[in-house]
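Each chain, letter by letter, is given below.
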Amino acid sequence: MKDTDRIKHAVEVARAAHEGQFRKTGEPYIVHPLAVKKILEEWGMDEDTIIAGILHDTVEDTNLTLNDIKKEFGETVAFLVDGVTKLSTARTGMRDIDTYLPETRDNFLRLMIALGDDIRVLIIKLADRLHNLRTLSALPPDKQKKIAKETLEVFAPLADRLNMGLLRVEMADLSFKYVDPKRYDYLEDLIEKYNKSASKSLKRIEDEISEAFKKEKIKFELSGRVKSVYSLHKKLAKHNQNINEIYDLIALRVIVEDITDCYLALGIIHSLYTPMGGRIKDYIAMPKQNGYQSLHTTVITKDKRVVEFQIRTKEMHEYAERGLAASFYYNEQKVTENYKKGKIEHLPTNLLWITELQMTAAKLREGKKVDYKKLKLNLFADKIFVYTPKGDIIDLPVGSLPLDFAYRLHSEIGDHVIGVKINGKMSNLNKKLEQGDIVEILTSKNQTPKSSWLDKIITPHARQKLMHRLNANKK
Ligand code: MN
């Protein structure tokens, strides 16, 4: 993409403003804003965001004022620069949050709420952080560690929340290298050895798969995926350091044309190799909260290797790697407009958390009480997997209740709940669901939704459906 006149002008303004300043690497300061510009362009961000990225350090570090920026580049750019400045200087946003939420020390949550108004501020901040990480070696060791740790705790999870897979992996691995260099080297070595030892059988699997797909006339691309160092580190911690329990050390990605082919591909793979029980995940029918879609299955190959397959379409693949960033501008407009009108029922599920964040930020500003524990749960929850009586797997945030489950199945089911059986026994609507529960929802045609149900729901999806029905009934 060629620079627009506005973008060229912003570069000139930033260059003049940062004149005579240098980075710790010894380079002229302008190198940094230009690198941020490039990252934002790669992510496919809109013009205003790119301009704000070029100017993001000017208000804090130069004589340029917000008013200057507003005059030259308009309200939106000024708003975005102001947001980024607030985040990095004196942590103004954070300090405000301290007075709102003295009881939480959760940096992640506080950052999110400080950001509530326009998530593009966050995207600029992520680009800024990424470039700073790439050039971290120029800083003294204590600062390196501090920045790297903060990135692992706050920014990499945020990237995940936006389904920006490539960014998450790069940030996490760059940071982990500084946080625990010895461990990093050890694991990097381990992965390399493992891949080497597996390369022959991987080649054979690729051949077998290719042949089978060609026979069925399915167009496909195959690629191996190397597990990132940091995600292996985290998985090993979860599995008592037992590498034999890590089933996705070898993973193959199968990219096909459409959703029908995804399921066909899954069937072919299962006819070639033995699938492992409980390791089939349908994130196409039920996307992850961040919008990620794929079919996952783990199989045991003919030479007794454990291999994970991830099957998805091109669009799903693009979205898994780049996330909301690319399509963000349009989505954000929609979110904001609907939010202002008080309408949230038509949002794609994977954007609901943004709306929720905005509403929370607004409430806090008005001095209203917020149940931040519930918010936290929705934003960062780990998942539990529960089953329908027929054996379908439903993934829900930890802490979900039977009504969350019911609305997840279908709003027609949710609206008519009269009771619930968990693992074959009658239970009640306040009972938190646990990993592996078999949940049977009992319904009656005559039942209507109750406003008291709002207290028996934790997922935004269910809340949205229920609110919608309650409002409709009022009319
Ligand atoms: Mn910066």
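Attention here is on the structure that accompanies the text. (Residues numbered from 1 in each chain as written. Predicted model: local features only at pLDDT ≥ 70, side-chain atom pairs only at ≥ 80, totals over all residues. Heavy atoms only, no water.)

**Structural notes on the overall build of the chain**
Within the chain, the regular secondary structure consists of 21 helices and eleven strands. Taken over 475 residues, the chain has a buried fraction of 48%. Restricting to contacts in the chain with at least 6 residues of sequence separation, those with at least 24 account for 66%. As displayed, the chain has an accessible area near 23900 Å², and 51% of this comes from carbon and sulfur atoms. (Helix = DSSP H or I, 4+ residues; strand = E, 2+ residues; numbered from the N terminus. Buried < 20%, exposed > 50% of the residue type's maximum accessible area, 1.4 Å probe, protein only. Contact = heavy atoms within 4.5 Å. Areas by Shrake-Rupley, 256 points an atom, 1.4 Å probe, with all protein chains shown as cover.)

**Comments concerning the sheet that holds strand S10 (residues 425-427)**
Pairing in this open sheet of three strands is antiparallel, and the strands run S10-S9-S11 from one edge to the other. Here the strands that pair on one side only, and so sit at the sheet edges, are S10 and strand S11 (439-443). This sheet shows a mean twist of 35° between the axes of neighbouring strands, independent of strand direction. Two elements, strand S9 (residues 417-422) and S11, share five bridges in a ladder whose sense is antiparallel. Looking at S11, one finds that Val420 is bridged to Ile441. Sheet strands in contact with helix H19 (residues 402-409) are S9 and S11, and its direction is about 80° off that of S11. (Pairing = 2+ DSSP bridges. Axes fitted to C-alpha atoms, helices over the stretch in contact; angles between N-to-C directions.)

**Re the pattern of salt bridges**
For the structure shown, the criterion picks out 18 salt bridges. With a shortest N-O distance of 3.2 Å, Asp128 and Lys125 are connected by a salt bridge. Here Asp128 pairs with Lys125, and both are found in helix H9 (residues 119-134), just three residues apart, close to one helical turn. Pair check on accessibility: Asp128 and Lys125 agree, each one buried. The salt bridge involving Arg204 is made with Asp303; its shortest N-O contact spans 3.7 Å. In this pair, Arg204 is assigned in helix H12 (residues 181-215) and Asp303 in the loop between strand S5 (295-300) and strand S6 (306-313), connecting sequence segments 99 residues apart. Residue Asp303 is classed as partly exposed on the basis of its relative accessible area of 32%. One connected set of salt bridges, linked through shared partners, spans Asp3, Lys37 and Glu41. (Salt bridge = Lys/Arg side-chain N within 4 Å of Asp/Glu carboxyl O.)

**Overview of the coordination of the manganese ion**
Note on metal sites: the ideal angle is 109.5 degrees for four tetrahedral donors, and 90 or 180 degrees for six octahedral donors. Protein coordination at the manganese ion comes from His32 (NE2), His56 (NE2), Asp57 (OD) and Asp128 (OD), with a distance range of 2.2 to 2.4 Å. The sequence motif formed by the donor residues of the manganese ion is H-x23-H-D-x70-D. Linking His32 in helix H2 (residues 31-42) with His56 in the loop between helix H3 (47-54) and helix H4 (58-61), this pair joins segments that are 24 residues apart in sequence. Here His32 falls in the buried class, since its relative accessible area comes to 1%. The buried category is assigned to His56, whose relative accessible area is 0%. (Donors = N, O, S within 2.8 Å, 3.2 Å for Na, K, Ca; no water.)

**A short note on the environment of Lys421**
Position of Lys421 among the secondary structure elements: in strand S9. Classification of Lys421 by relative accessible area gives partly exposed; the value is 28%. On a C-alpha basis, the gap between Lys421 and Ile438 in space is 8.2 Å, while along the polypeptide they are 17 residues apart. Apart from the residues lying within four places of it in its own chain, the contact partners of Lys421 are Met426, Ser427, Ile438, Val439 and Glu440.

**Some thoughts on the environment of Leu222**
By the secondary structure assignment, Leu222 is in strand S1 (residues 220-226). Considered as a pair, Leu222 and Ile311 are 89 residues apart in the sequence and their alpha carbons are 9.6 Å apart. Once residues within four sequence positions are removed from consideration, Leu222 is found in contact with Glu206, Ile209, Ser210, Arg253 and Val254.

**Concerning the pairing of S5**
With five of its six residues buried, S5 lies for the most part within the structure. Sheet topology note: the strand S3 (residues 274-275)/S5 ladder contains two bridges and is antiparallel. If you follow Pro275 over to S5, its bridge partner there is Val299. Bridging between strand S4 (residues 281-282) and S5 involves two bridges; their strand directions are antiparallel. Each bridged residue has a counterpart across the sheet, and for Asp282 the counterpart in S5 is Leu295. Of the pairings in the sheet, the one linking S5 to S6 comprises six bridges and is antiparallel in character. Each bridged residue has a counterpart across the sheet, and for Thr297 the counterpart in S6 is Phe309. Connecting the antiparallel pair S5 and S6 is a turn made up of five residues, with Lys304 showing a positive phi of about 65°.

**Digging into the nonpolar core**
Leu40, Trp43, Leu55 and Leu126 are the most contacted members of the largest nonpolar core, which totals 45 residues. Secondary structure elements with two or more residues in this core: helix H1 (5-17), H2, H3, helix H5 (66-73), helix H6 (75-88), H9, helix H10 (141-161) and helix H11 (165-179). Top contributing element to this core by residue count: H9, with nine residues. When near neighbours in sequence (up to four residues on either side) are disregarded, Leu126 contacts Trp43, Phe155, Leu162, Met164, Leu167 and Met171. Residues Ile205, Ala212, Val254 and Val307 belong to the second largest nonpolar core, which totals 24 residues. (Core = buried A, V, L, I, M, F, W, Y, C linked by side-chain atoms within 4.5 Å.)

**Observations regarding the pairing of S9**
The pairing of S9 with S10 spans three bridges and is classified as antiparallel. Within the sheet, the bridge partner assigned to Ile422 lies in S10 and is Lys425. Here S9 folds back onto S10, and the loop between the two strands holds two residues, one of which, Asn423, carries a positive phi near 50°.

**Digging into the side chain of Ser228**
Here Ser228 is to be found in the loop between S1 and helix H13 (229-238). Here Ser228 falls in the buried class, since its relative accessible area comes to 11%. Once residues lying within four places of it in the same chain are set aside, the contact partners of Ser228 are Val169, Asp173 and Ile191.

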